[in-house]
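Coordinate analysis (summary)
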Amino acid sequence: MERADAIVEVDDRMGETTGWFAGKWERLLQAGLRLRADISFAVVDVFIIVAGYTMATALRMLDGAIENPSLFWAGLGRILPFLVVIHLLFNLITGTYGHIWEYASISEARRVILSNIASVGLIVLVVTPVADALDSGPRSFPYGVAIVGGILVLLGMGLVRFRSRLFSLRRSIAADHPMTLVVGDGKSAADFVREVLRLGQSAEVIGFVSPTNANPHRRLAGLPILGALGDLPGLVRRHHVEQVVVAGEVDSDLIRRVVDACTAVDVRLRVAPSAGTVLDGSESPIDIRDIEFQDLLPRPEVATDLASVEDLVRGKRVLVTGAGGSIGSEIVRQILAFAPAAVAALDNDETHLHETLLYTAADPSVASSLLCDIRDAEKLNRIMVSFAPEVVFHAAALKHVPVLEHFPEEAVHTNILGTRNVIEAVSRVGADRFVLISTDKAVEPSSVMGATKRVAEMLTQMANQRRDGCIYTCVRFGNVLGSRGSVVPTFVHQIHSGGPVTITDPAMTRYFMTVPEAVQLVLQAATLAKGGEVFVLDMGDPVKVMDLARRMIRLAGLVPGRDIEVAVTGIRPGEKLSESLSEVPLEPSSHPKINLARPGSPGSIVLLDAIRELEHLVSGPDRDDLVATLRGVAAITEPTEVVDLREIEEAEVPLRG
């Protein structure tokens, strides 16, 4: 035992070094550990072979007709070394070494049977006749002893290798408990397995897979650590594993590695509950769940200062535009948890608006729906005056890049002129705070959609200069998983339809965040606003869309390229290969996941002139002129006029000019 610990200690030290030399020695040490286990089994097999043929000879002695028993024992002594060599040789040839036999399956049983059949066949057909030819007297090693001995050896080897399946009570549990490997080699993973074994529920765990390869071929919670992540596909096939559970300290990088390792094998991928959810009682230690899209995101969990958000909305009248959309509806849902005086959900789509209040199960006395198009300035003003909001979240926008490339007038009408209408109404009713939901596509925009959102940011920044008592701010983030029309629901539909899953370019990357996370940070940013900022949410690292597609296929229990094809269609109009979150250096805020950008913009007079020009062009036939004007104003990064901002503040320049 001390020697084994010393070897593992050396292995651990080697694992801490880098380079080819360390990796080579680590592999040699692991091979040594495996060889030692195989030699141990071979030694046991030698005893089984000797005992098997000895018992067969003893049984033959029960025949009272044998006149000289010593002749048989002498013959067995001469031939026994050859029998041992033959059995061990066929064990090696058929691959009966190198396995964790405590958890062996039917495939390994076939190897043991084949090895013994071949051994007995060679003994009966070759060894016994040769022994007879060499003996001058009566036959000293009968055929019966060879056959019976071979059967006894087969039973002995099978008993040793399959003892856990024959005698373990845990192996007799219901068939609906799938064969399971647990990824993890720490205390949390061990605690999870102990709880599963104690309750006898959820899974039939056969062993662990080390995510770090720090403890190869050791035991944890009474079960073996069978290998590292690189060994996972082979272990799944060898042991007929039905599910792989990631337990312990789970992060998105580990889950992505597990998903990638299992790309070519048919196995269910699941996650054990975190220690936090177990301790707070929200989950049982054995409440495992399937891996979900958000588990793949390269970003730690968002922490929100709930007290500051509650101070922002408690007892306030809050209006949310675009409340039928993914972000708008989630804003409504989260705000309702902080006891606002009233929430108005505004949208021009009555179906989505109805679903928002239906699915949030909102109190009708607190939440109400407002069917209105923000393009209709007159109706919007009446609604604003009637509801008198104190806080406004402006999420209404047209967002689908390829569609808006063909209909730029619609993008301008909603995203720019509609935003202007909302800002004017907010100023008129004396609201306290206005938050524009923006996008990373507004950064150095290549699309019509991105350009309109950048101009909407400019309008918000300019509105803040009027000092009308309202704080105007913008919150910018990237793609949200699960939003309508985003890549994830598209991939899900394509996978369910049998494929292919389509991507525009293998090199394309995007930032991703879940809808609840994005809204948490939007609410947090709203509490930090002083006016005129563009807050940028920390989206983590960009994700390759090709990798996301392959992993989603894998999470559906399918194999990319075999069950579902991934087709490349080419970049669409307005798309970029990669997005950025800011065109200027970011500044930190008081929240670690929210940064601050201060992009330049045209002066007020230039921007107002541009808005008037866009309003004129939007109803005309010349789309090219409209797009050129839009791109021109969106590209301005510095004021192009000399204006005394104090005069603008005093005059309260209206956004309509």
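Source: prediction; values computed, not measured. (Residues numbered from 1 in each chain as written. Predicted model: local features only at pLDDT ≥ 70, side-chain atom pairs only at ≥ 80, totals over all residues. Heavy atoms only, no water.)

So, about the packing of helix α16 (residues 408-429) against helix α22 (residues 623-634). For the pair α16 and α22, interaxial distance at closest approach is 9 Å and the crossing angle is 45°. With respect to their mutual orientation, α16 and α22 come out oblique. For the pair α16 and α22, the contacting residues are P408, E409, V412 and I416 in the first and R623, L626, V627 and L630 in the second. (Axes fitted to C-alpha atoms, helices over the stretch in contact; angles between N-to-C directions. Helix = DSSP H or I, 4+ residues; strand = E, 2+ residues; numbered from the N terminus. Parallel < 35°, antiparallel > 145°, perpendicular 65-115°, else oblique. Contact = heavy atoms within 4.5 Å.)

It is at 10 Å that the axes of helix α21 (residues 604-617) and α22 come closest, and there the two elements cross at 160°. When the axis of α21 is compared with that of α22, the two are roughly antiparallel. Between α21 and α22 the crossing geometry is left-handed. Between α21, through L607, A610, E613, L614 and L617, and α22, the contact on the second element is made entirely by D625, L626, T629, L630 and V633. Of the residues belonging to the contact of α21 with α22, the class tally is 7 nonpolar, 1 polar and 2 charged. (Left-handed = near helix turned anticlockwise from the far one by under 90°. Nonpolar A, V, L, I, M, F, W, Y, C, P; charged D, E, K, R; others polar.)

Two pairing modes exist for strands in a sheet, parallel and antiparallel, and in both the strands are linked by backbone hydrogen bonds. Pairing in this open sheet of 9 strands is mixed, and the strands run β10-β9-β8-β11-β12-β13-β18-β22-β21 from one edge to the other. Among the strands making up the open sheet, the edge pair consists of β10 (367-371) and β21 (587-588). Where strand β18 (residues 534-537) and strand β22 (residues 594-597) come together, 4 bridges link them in antiparallel fashion. Across the sheet, the residue bridging to F535 is L596, located in β22. Against the sheet, helix α13 (residues 350-360) touches β9 (342-347) and β10, its axis set at about 175° to β10. (Pairing = 2+ DSSP bridges.)

This part takes up the pairing of strand β4 (residues 223-228). Within β4, 6 of the 6 residues are buried, which leaves the element mostly enclosed by the surrounding structure. Two elements, strand β2 (residues 204-210) and β4, share 3 bridges in a ladder whose sense is parallel. Residue pairing across strands places V209 opposite G227, the latter belonging to β4. Across 2 bridges, the pairing between strand β3 (residues 219-220) and β4 is antiparallel. Looking at the pairing, L220 lines up with L223 of β4. Hairpin remark: β3 followed by β4, antiparallel, with 2 residues in the connecting loop; positive phi at A221, about 55°. (Buried < 20%, exposed > 50% of the residue type's maximum accessible area, 1.4 Å probe, protein only.)

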